[in-house]
Amino acid sequence: MGESRQTTFSVWRGDHHDGGFEDYQTEITEGMVVLDAVHQIQAESAPDLACRWNCKAGKCGSCSAEVNGMPKLMCMTRLDTLDTTKPVTIEPMRSFPSVRDLVTDVSWNYRVKEKIKPFKPRKPDAEDGTWRMDQADVERVQEFRKCIECFLCQDVCHVLREHHKHGEFAGPRHFVYQAALDMHPLDVEERLEQVKDENGIGYCNITKCCTKVCPEHITITDNAIIPLKERVNDEFYDPITKLFKIFRAKRKKDRNE
Amino acid sequence: MGTPECITHEHEVLIIGAGGAGLRAAIEAASTGANVGVVCKSLLGKAHTVMAEGGIAASMGNVDDRDNWRVHFSDTMRGGQYLNNWRMAQLHAQQAADRVREIESWGALFDRTREGKILQRNFGGHKYPRLAHVGDRTGLEMIRTLQDHGIHQGIKFYMEYTVLELLMDGGKIAGAVGYDREKGRFHVWKAPAIVMATGGIGRAYKITSNSWEYTGDGHALAYRSGAELKDMEFVQFHPTGMVWPPSVRGILVTEGVRGEGGVLRNSEGRRFMFDDIPDLYKDQTATDPEEGWRYVTGDKEAQRPPELLTRDHVARCIVREIKEGRGSPHGGVYLDIAWIKEKMPKAEAHIQKKLPSMYHQFKQLAGVDITKDAMEVGPTTHYAMGGINVDGETQMSTVPGLFACGECAAGLHGANRLGGNSLSDLVVFGKLAGEHAVEWARANPSSTVDEGQVQDACRGALEPLERTTGESPYEIQSTLQEMMQEKVGIVRTESEMAEAVEAISSLKAKASNSSVPGNIEYNPGWHTAVDLPNLMVVSEAVARCGMDRKESRGAHFREDYPAKEESHAHHNTIVTLGSDGEMRVERRVIPDMPEELTSIIKEMG
């Protein structure tokens, strides 16, 4: 290939008050990704075009945006996967308040995470204060620990995007985080009630949009959310367990009397 | 012009930078009950630590029980060509294992041995398998663990803030002044102790594995406040960066590929690394490919393949192959891991499991399946061994109250850093810096901020926005990057470095006259303009130190002085800001090592 040609990019410019799409022309060459085009536009015609980025290798999760309407990491989206005969649209993640241009205010995610009960390990196994773990147990959690916190799953989740349940629902990213803690071989903290009440896992109706957009290919719904939902159901809604609990509580009361 | 308004914050210890070193320093400082603030240029958890792939070096001896801190110390000194701060190399080797166990107790999950201990892998320059790792995403595991632990320690984080200047009270630290990216408001942090943990200087070069943040801010802030910089000539070019497609040039390809058995070949298919093995490593290197393979698969009697020689050497061999016309089509050489299918069943699954992010990176960005085809790789600017000169025990710089740790501090790595010694550097010296910063802050609680200095810094920062004429900061930055790549790159000469110093002086003038459109809210053009003077400081320091060291040692290779010289074997290069505003370079003799350490080096051969 090696050829280059002018392509039009429709980039959303604006802030939390208002904004709209502006067209920029730039030359694209083989192997370029969307973030390269944004950088080129900055250098050529819009020096103040705001965008977040860091590693440019899909490892830090900073450059999340919506490219032709799809939530993507700009650094990992090659232009040759898009139809560049038509204008390519680039806009910020729509589930978060706009800061400026492609930059959104994602601070809500950090606040939610801070409220999740932290990691609490069991007592060390060995006398030297260390633990023994099986590779298989470590591997089970790795999928969740791959998360780069790009928040694309939060962006696409309709509970947040359309229903704005930010106050009652933690979103897929934080269920992945809860699942990672829950399945951590050393962790002994109890967080199920938090998953149910504060994090509102019941709002998720398993549309699997989060899984589809995850750039790390984490099977968010099937491997993180559904098992957590099942555990919440077993713990809080299972009729037999519930009966058993009432009975046990009554017996305890009787004994105490 | 009016007087810019500032929002004032107060802390006992202010940490600048939230990569591994900054977070570890903050956690340590906060553990004493101190009031700690962390200022970082990006969002929390996005710093360059996430890019570290291979692992964290610590002589736990879980895979080979012959390993201990003395071997790690000796490997680090040999790799650094004995210009290291030996006290730091000693502390690092002694404490790294405890720091690794500590982050495990905070939730980090490393791959395991059969007995369930932390697994360790081979890496360049390390005598025994020493790197604790999680596939090829160890850095992410580490920064996320520190972040998730750190947010529960009562630390105040200032995300997407940039520091403009350190504030001084007489000769000592009083705080810092900076701005927030979102609104462009100015902020003053009053703090008697500051820990600098700002990372590297990679953005001074065109081909780099570093992101936009690594403009040498910590180096330049410290330098302007009177601190010494040390050994700035030593810039590590990682031998294996991606070379194609052009837009990804420089992105890192982990040394772990070679640790797992990957080999380097030229266009003739020859494993050229066998052609040039330095004397210092002859006894530790395999004599044929078969022995090399036995080594990477855990044979304790075998010596390491030459692909796992130190990074400076491997990078130069690659440059030689390319220069002499034996390179790959896009100007690199071949790195082949797919060949291991000749040696093991299910090699494809093994590669995907051991190197998952490399697999995805090549598949997605270059359309190459590394389980089937060779990668094209070439050197990329990766790491600054040099940095702020600190005391080995306390991590305090030559400015009272200013501490430094991680990449922006100098000393541990000498003339060349071993892979894996960076992640351990962050946690070992992050902890020490945090601890001693609190001690200092408690002993020297009061300092006064100089309002004049605050106003000067804010006004200076606003200038690019107020000018209507002047060059674009992007253009100045890219001119500098191309110039540094060409004249102060992997292979250097006196005349080219002198040209670089000249060029920097004219670019400095342009930078102080740059102009950006738009307003003050989240304006990347303005941010680039504000960072430019810092890039100029570090670029000039690299070129000037490089000219002064008239020999080739470690990462510093001079075509006009291709050999190591005894006359340069015992000193560090020190840079300071002269009273005339010019950069001064001097040589400082390295203090003698105590008997306890010299005997280790003798014993290890």
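Rules used throughout
- Residues numbered from 1 in each chain as written.
- Chains lettered and ligands numbered in written order.
- Predicted model: local features only at pLDDT ≥ 70, side-chain atom pairs only at ≥ 80, totals over all residues.
- Heavy atoms only, no water.
- Domains from an automatic or database assignment.
- Contact = heavy atoms within 4.5 Å.
- Buried area = accessible area lost by both parts, 1.4 Å probe.
- Salt bridge = Lys/Arg side-chain N within 4 Å of Asp/Glu carboxyl O.
- Helix = DSSP H or I, 4+ residues; strand = E, 2+ residues; numbered from the N terminus.
- Buried < 20%, exposed > 50% of the residue type's maximum accessible area, 1.4 Å probe, protein only.
- Pairing = 2+ DSSP bridges.
- Axes fitted to C-alpha atoms, helices over the stretch in contact; angles between N-to-C directions.

A few words now on the domain arrangement of chain A. All names here are of chain A. When its domains are assigned, chain A resolves into domain 1 (5-104) and domain 2 (107-240). Taken over C-alpha atoms, the centre of domain 1 sits 30 Å from the centre of domain 2. Listed per partner, the contact involves 14 residues of domain 1 and 16 residues of domain 2. Taking both partners together, domain 1 and domain 2 bury about 1100 Å²; carbon and sulfur atoms supply 59% of that area. Ranking the residues of domain 1 by area buried against domain 2 places Pro71, Ser95 and Phe96 at the top, with a combined share of 48%. Along the contact surface separating domain 1 from domain 2 lie one salt bridge. The residue Arg161 makes a salt bridge to Glu66 at a minimum N-O spacing of 2.9 Å. For the side of domain 1 that touches domain 2, the elements supplying multiple residues, two or more each, are strand S3 (64-67) and strand S4 (70-73).

All names here are of chain B. Burial of strand S8 (residues 161-169) is extensive: seven of the nine residues sit out of reach of the surface. Relative to strand S9 (residues 172-180), S8 runs antiparallel, the two being bridged by eight bridges. Within the sheet, the bridge partner assigned to Leu167 lies in S9 and is Gly175. From the end of S8 to the start of S9, which pair antiparallel, there are two residues, and Gly170 there has a positive phi angle of about 65°.

A side chain with one charge may pair with a side chain of the opposite charge, provided their charged atoms come close. Residues and elements named next belong to chain B. Under the definition given, this model contains 73 salt bridges over all chains. Across the pair Arg326 and Glu324 runs a salt bridge, and its minimum N-O distance is 2.8 Å. Accessibility expressed as a relative area gives 49% for Glu324, which makes it partly exposed. Through salt bridges with shared partners, one network takes in Arg24, Glu28, Arg99, Glu102, Lys431 and Glu435.

All right, on to the sheet that holds strand S3 (residues 36-40) of chain B then. All names here are of chain B. Strand order in the open sheet formed by five strands is S7-S3-S2-S11-S18, with parallel pairing between adjacent strands. Lying at the two open borders of the sheet, with one neighbouring strand each, are strand S7 (156-159) and strand S18 (402-404). Within the sheet, the average angular offset between the axes of one strand and its neighbour, ignoring direction, is 20°. Inspection of the sheet shows strand S2 (residues 13-16) paired to S3 by four bridges, in the parallel sense. Its bridge partner lying in S3, Val13 is registered against Val36. Strand contacts of helix H1 (residues 20-31): S2, S3, S7 and strand S11 (193-196), with the helix running at about 170° to S3, the strand carrying the most contacts.

Looking now at the domain arrangement of chain B. Residues and elements named next belong to chain B. Partitioning chain B into structural domains gives domain 1 (7-54 + 67-100 + 139-236 + 382-451), domain 2 (238-380) and domain 3 (466-576). Domain 1 and domain 2 are separated by 32 Å when their C-alpha centres are compared. Taken together, the contact pairs 15 residues of domain 1 with 18 residues of domain 2. For the domain 1 and domain 2 pair, buried surface summed over both sides reaches about 1400 Å², with 53% attributable to carbon and sulfur atoms. Area buried by domain 1 at its contact with domain 2 is led by Glu53, Arg78 and Ile207, which between them contribute 40% of it. Across the domain 1-domain 2 interface, the total number found is zero salt bridges.

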